[in-house]
Amino acid sequence: MRFGVVVFPGSNCEQDVVHAANHLGFETSYIWHGDTDLGHVDAVILPGGFSYGDYIRCGAVARFSPIMAEVVRFAERGGPVMGICNGFQILTEAHLLPGALLRNSGLKFICHGQPLRVERSACEWLDLPEGAVVDIPVNHNEGNYYCDAETLARLQAGGQIVLRYCEPDGSRAAAGNAPNGAVDDIAGICNERGNVFGLMPHPERAVDPLTGTTDGAPFFTAIAKRLAEVAG
Amino acid sequence: MRADLSPELAPRLAEELGLKPAEYEHVVEILGRTPTVTELYMYSLMWSEHCSYKHSRKALRMFPTEGPAVLQGPGENAGVISVGEGWAVAFKMESHNHPSAIEPYQGAATGVGGIIRDIFTMGARPIAILDSLRFGTLDKPRQRYLFEGAVAGIGGYGNCLGVPTVGGEVYFEDAYEGNCLINAMAIGLMREEDLMRAVAAGPGNLLVLIGSTTGRDGIGGASVLASQEFDEKAEEKRPSVQVGDPFTEKLLIEACLELLEGDLLVALGDLGAAGLTSSASEMASRGGVGLEIDVTLVPQREDAMRPFEIMVSESQERMLAVVTPELLGEVQDVCERWGLPATVIGQVTDTGRFVIREGDEVVGDMPAATLAHDAPIYDPVAERPAYLDELQAFDPLTELDHPDDAEMLTATLFDLLASANICSRRWIWEQYDHQVMQGTVVLPGSDAAVLRIGLPGRGEVTDRGIAASSDCNGRYVYLDPYVGAQIAVAEAARNVACSGGRPAAITDCLNFGSPEKPEVFWTFREAIRGMADACRAWEVPVISGNVSFYNESFGQPIYPTPTVGLVGILDDVSKHTTLAFKDAGDVVVLLGETAAELGGSEYLRVAFDTVAGAPPRVDLEHEAALREVLLTAIDEGLLRSAHDCAEGGLAVALAESCVAGGIGADVHLSPDDAGLPPVAALFAETQGRAVVTVAESGVDRLFEIALAHGVPFAVVGTVGGDSLRIEGCVDAEVGAMREVFEGALAAQVHPEETFASEELREG
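Criteria and thresholds
Residue positions are given per chain, counted from 1 along the sequence in the order it is written. Chain A is the first chain written and ligand 1 is the first ligand written, with later ones labelled in order. Only residues with pLDDT of at least 70 are given local features in this predicted model, and only at 80 or more are side-chain atom pairs given and counted; all residues enter the totals for whole chains, interfaces and linings. Excluding hydrogens and water, the side-chain values take into account all heavy atoms of the structure. Each helix is a run of DSSP H or I of at least 4 residues and each strand a run of E of at least 2, with the numbering of both proceeding from the N terminus. Both definitions apply: the radius of gyration is a C-alpha atom measure, and the globule rule equals 2.2 Å times residues to the power 0.38. Categorising residues by exposure relies on relative accessible area from a 1.4 Å probe, with only protein chains included: less than 20% of the type maximum marks a residue as buried, more than 50% marks it as exposed, and the intermediate range marks it as partly exposed. Residues count as neighbours in contact if any of their non-hydrogen atoms are within 4.5 Å of one another. Each accessible area is a Shrake-Rupley result for a 1.4 Å probe, and residues are judged covered by the shown protein chains and nothing else. In this tally, Lys and Arg are treated as positive and Asp and Glu as negative; His is ignored, and so are the chain termini. To locate a charge, take atom NZ for lysine, CZ for arginine, CG for aspartate or CD for glutamate. Strand pairing follows a simple DSSP-based rule, namely that at least 2 bridges must link the two strands. To get an axis, fit a line to the C-alpha atoms, keeping to the stretch in contact for a helix; angles then go from 0 to 180 degrees between the N-to-C directions. Side-chain rings of Phe, Tyr and Trp (the six-membered ring for Trp) are treated as a pair once their centres are within 6.5 Å; stacked means planes under 30 degrees apart, edge-to-face means over 60, and tilted covers the remaining angles. Two N or O atoms form a polar contact when they lie within 3.5 Å of each other; inside protein one atom must be a possible hydrogen donor and the other a possible acceptor, and for residues adjacent in sequence the pair counts only when both atoms belong to side chains. One speaks of a salt bridge when a side-chain nitrogen belonging to Lys or Arg is within 4 Å of a carboxyl oxygen belonging to Asp or Glu. Patches draw on residues past 30% relative accessible area with no salt bridge. Two like charges within 9 Å are joined, as are two nonpolar side chains (Val, Leu, Ile, Met, Phe, Trp, Tyr) within 5 Å. Nonpolar core, defined: a set of buried Ala, Val, Leu, Ile, Met, Phe, Trp, Tyr and Cys residues in which side-chain atoms within 4.5 Å join the residues together. Here the expected span of a helix is defined as 1.5 Å times the quantity of residues minus one.

J.: In this structure, what is going on with the overall build of chain B? I would like to understand it.
T.: A tally of helices and strands in chain B yields 28 helices and 28 strands. A globule of 763 residues ought to have a C-alpha radius of gyration of about 27 Å, and chain B, at 26 Å, matches this closely. Dimensions along the principal axes, computed over C-alpha positions, put chain B at roughly 85 × 60 × 55 Å. The buried share among the 763 residues of chain B stands at 65%. In chain B, 85% of the contacts between residues at least 6 apart in sequence involve partners at least 24 apart. As displayed, chain B offers around 24800 Å² of accessible surface, 49% of which is attributable to carbon and sulfur atoms. Of the side-chain charges in chain B, 53 are positive and 117 negative, and the distance between the mean point of each set is 4 Å.

Given below as structure tokens:
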């Protein structure tokens, strides 16, 4: 199993993603944004960071990087793609996922551990049961997921909402639990097919017990297991 | 040679640029003629206090700077120590006070950018940022603006770089109202063999400018801003503040580390204060060579820039490399891949002269070493401040009426937990990415940050670690500069030891008023003497640092603030310890003894709005012994938690450990403390103490260790329950303490909208 991790100018979590995947026993390779070939990889991860400084709008420039045409083709063929944080922003800019990520409602960058509720979804990247709670850090300034009512209804009906911000026990407060103002407490969504997954929290920061929880491990292992089954 | 200044006009320009008449005469003597405009600008900046250390250099010689672990002491862009198994860390702290007082976001952001460049210039990958901040009190709107802006600037820059901001400290005191302090410390990691020095060598080698274009921003930053105090014209200095571009800095880090890894450079230096002038002249003087630069080759972002503007511009995110002609192509390829211009702007010569050309015309021609080395060295007059006797004679115990019943003492504890100088810094650190790079083992909020040594992204992970803390209570230094400065070192060392790190070396940022005032200079010298004595006694050398003078506004100096940034080493990072109480039944032990020392305490300020009295004493031998007890006990796996007693005293230390652990404790004051009035037992800030917890089975062993090192030991209670109960004095629910402790800072920054985030969430 080999994860390809795309490096844009300004990416800064690519090494963390590689470390997490290696820590869990998987192979990895870096994919330079200027390349036009993904190489031999089984799944692609767009890591967090500030691609191109996020100066125009998060992910707005990165989506035009040469490699993104390949990522889109890979995704359209059913290849698994996960975008974490800035990667999620890039996936929405590239229209691989609906909606957009706006500035946090509190107008401040946030970095803290965050309970997340796993929803029943079509997402190929997770095999945790519905209602499971994972504790994974968020780290962003623009994580306020937004989409129009029609899109939201489609996401809800199609099992495309993968993760929601929640209370530590998995319940949802009446006032909402999103630390960033996200609509319907959405922390992560997938496309209809379930192979493209975007999330604001950083599962790569939650695999090594020395530096945090290990709740992020399934975000790497589930897709590997699924691909092995398909291949097997 | 372009003679663009008449002998009559030159001294007037010199004065305007901050050169003293004698200094101007010295320039004329060196050159043997009237200087050009370019030369005058270059000398005025290089001989400014900020660049030349002309008032501080002699006093700084008191610091011990050598030790077995030191690979690079002061004098380079950053100091470097070995941390074992072939790994080394580079670290340094630097001030960006005046720019931040004018434009907090950009001032703080570029402060981070500058210190990060100092680190990767040495060949180290930046792995951590710590920030030491000082503002006026938050009841003033402008102070809230400065504080919020500085925090946002640090976050905006550091977060984008992908370098975690893992620690620091902040105090709010009236003394900093007109002149806030922004001290940024960065730590970098490298293999010992990759240590790089900024020494130009090899006549014929090329000078290559890498990174951003050059504009008029920050002209005179070091002289106009950093080396003068503030007055009513402060706002006019806004154009001297630089603007940061963290994205370009991120590219610079990656490109420069790739160039160094590929062994493609002869030397590398960053462009900080005084821009190209200082970086080039320092590299030349270290290498004993000459340089020639053609300013028309420098990529410019503005039209019609004059040679002096190009030479002293402080445009950010630029590096100067020395490259052999054969490797130029490879260097430019690497830079191009990262989208960075790399332009040849001149070359190394064997003349020993620093020649500036504008095309064919020479606009400056100076002996290169004189810029960096011939600044006059002053021996300023020192005089003990008159205020000291009066303030030190104040006896808080007898001259004030202190509470002694449990209700009032409990209320005082809550007041202290809500004090901006004590309450949780969560509001700050949650705006910083403190986890990127997967190395942060102990998150902000404990005594010290603990980081794993290794570059996980390259598959290099070790079991070793470092602990880092920055500290300085300026109030203590104000009340007794010698003792107060020792406390700064002692507290940083205690914080690191409580986390499991053995103190290895320090960096410092010495923030003071004008050295030309005898009382300020006396204070400066005493503070250095205090730090130096402590560092020598504990064999903790000073490996880098920065002096920031002229921190005054309208003639009023700040509290003298010699900030200490200390790095310690953990042989096994898994043995780190935090301040949080762990399990019910754990035994609470006080190491060290409380004395009736209330002078300079936060209690006095909170309860009586008083800053007076002698600060707590420091016993150098006892501090070292206490650290040995902590480190031995941590190494043996005995300690469940460890927390240094600092501002707010024993009661606040206990409260913080309760809140962090989400569990209460039953405490009775130890027999030795029984003779103290309750306020002293609870709130005295006596040095040399730590609150630790240990499983019941480990108490005897801990007692043995303490006895062996002669450190007073007292079992004072047991962890458990939902409240902190201190017999006869305090009864406080942990939940209530948390609410106050965690919410106080946000409430003071946004007094009108305490629950803003909840409302926004609902909306």
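J.: What am I meant to see in the pairing of strand 26 (residues 713–719) of chain B here?
T.: The side chains of a regular strand alternate between both faces of the sheet. Residue and element names in this part refer to chain B. Of all seven residues in strand 26, five are buried, a share of seventy percent or more. Note that strand 22 (residues 587–591) and strand 26 share five bridges and pair antiparallel. Directly across from L590, in strand 26, lies its bridge partner A714. Of the strand pairs in this sheet, strand 24 (residues 665–667) and strand 26 are connected by three bridges, and their pairing is antiparallel. The residue bridging D666 from the neighbouring strand is T718, located in strand 26.

J.: It is not clear to me how the sheet that holds strand 4 (residues 125–135) of chain B should be interpreted in this structure. Could you clarify?
T.: Backbone hydrogen bonds are what pair the strands of a sheet, in a parallel or an antiparallel way. Residue and element names in this part refer to chain B. With mixed pairing, six strands are arranged side by side in an open sheet as 1-2-3-6-4-5. The two strands at the open ends of the sheet, each matched to only one other strand, are strand 1 (70–72) and strand 5 (165–172). Taking the axes of each pair of neighbouring strands and ignoring which way they run, one obtains an average angle of 20° across the sheet.

J.: Looking at this structure, how should I read the packing of aromatic side chains?
T.: Two aromatic rings, taken as a pair, are described by how far apart their centres are and by the angle between their planes. All names here are of chain A. Inspection of every chain in the model, using the stated rule, returns 23 aromatic pairs over all chains. Aromatic side chains F3 and F26 sit 5.5 Å apart centroid to centroid with 85° between the ring planes, which places their arrangement in the edge-to-face category. A residue pair is termed long-range when its members are at least 10 positions apart, and F3 in strand 1 (residues 2–7) and F26 in the loop between helix 1 (14–23) and strand 2 (27–32) qualify at 23 residues. The exposure class assigned to F26 is buried, which follows from its relative accessible area of 15%. By way of ring pairs, the aromatic residues F3, F26, W125 and F220 are connected into one cluster.

J.: Please explain the side chain of K250 of chain B as it appears in this structure.
T.: With respect to the element layout, K250 of chain B can be found in helix 10 (residues 246–261). Reaching out from K250 of chain B, the side chain makes a polar contact with the side chain of E254 of chain B at a distance of 2.9 Å.

J.: Looking at this structure, how should I read the pattern of salt bridges?
T.: All names here are of chain B. Following the criterion strictly, the structure yields 56 salt bridges over all chains and no others. The partner of R494 in a salt bridge is E623, and the shortest N-O contact between them spans 2.9 Å. Highlighted residues: R494 in helix 20 (residues 481–498) and E623 in helix 23 (residues 620–635), separated in sequence by 129 residues. By relative accessible area, R494 is classed as buried at 0%. Its relative accessible area of 1% is what places E623 among the buried residues.

J.: How should I be thinking about the sheet that holds strand 4 (residues 81–84) of chain A in this particular structure?
T.: All names here are of chain A. Reading across from one edge, 2-1-3-4-11-10-9-6-7 is the order of the nine strands in this open sheet, with mixed pairing throughout. The sheet is open, and its two edges are formed by strand 2 and strand 7 (133–140), each paired on a single side. Neighbouring strand axes in the sheet, compared pairwise and without regard to direction, differ in orientation by 25° on average. One ladder, built from four bridges, connects strand 4 with strand 11 (residues 196–199); its direction is parallel. Across the sheet, the residue bridging to V81 is V196, located in strand 11.

J.: Would you mind showing me how to read a negative patch on the surface here?
T.: On the surface, D401, D404, D405 and E407 of chain B cluster together to form a negatively charged patch. Structurally, D405 of chain B is set in the loop between helix 16 (396–399) and helix 17 (406–418).

J.: Explain the nonpolar core here, please?
T.: Nonpolar side chains in soluble globular proteins tend to end up buried together. Formed by 70 residues in total, the largest nonpolar core has its most connected members in I116, F135, F147, I210 and L265 of chain B. Dropping the residues within four chain positions of it, I210 of chain B is found in contact with L252, L259, E317, R318, M319, A321, C335, L340, P341 and A342 of chain B. One finds V71, L152, A182 and I186 of chain A within the second-largest nonpolar core, a separate group that totals 67 residues.

J.: How do you make sense of the side chain of S657 of chain B when you look at a structure like this?
T.: Looking at where S657 of chain B falls in the secondary structure, it is placed in helix 24 (residues 649–661). Other than its neighbours up to four places away in sequence, S657 of chain B contacts L579, A580, F581 and H643 of chain B.

J.: Explain helix 23 of chain B here, please?
T.: Along an α-helix, a turn takes 3.6 residues, which lines up residues three or four apart on a common side. Residue and element names in this part refer to chain B. With 16 residues, helix 23 extends 23 Å between its outermost C-alpha atoms, agreeing within 8% with the 22 Å of an ideal straight helix rising 1.5 Å per residue. For helix 23, the complete set of buried residues consists of H622, E623, A625, L626, R627, V629, L630, L631, A633 and I634. Backbone nitrogen of E621 and a side-chain oxygen of the N-cap are separated by 3.1 Å at the start of helix 23; the cap is D619. Two residues or fewer past helix 23, G637 is found with a positive phi of approximately 75°.

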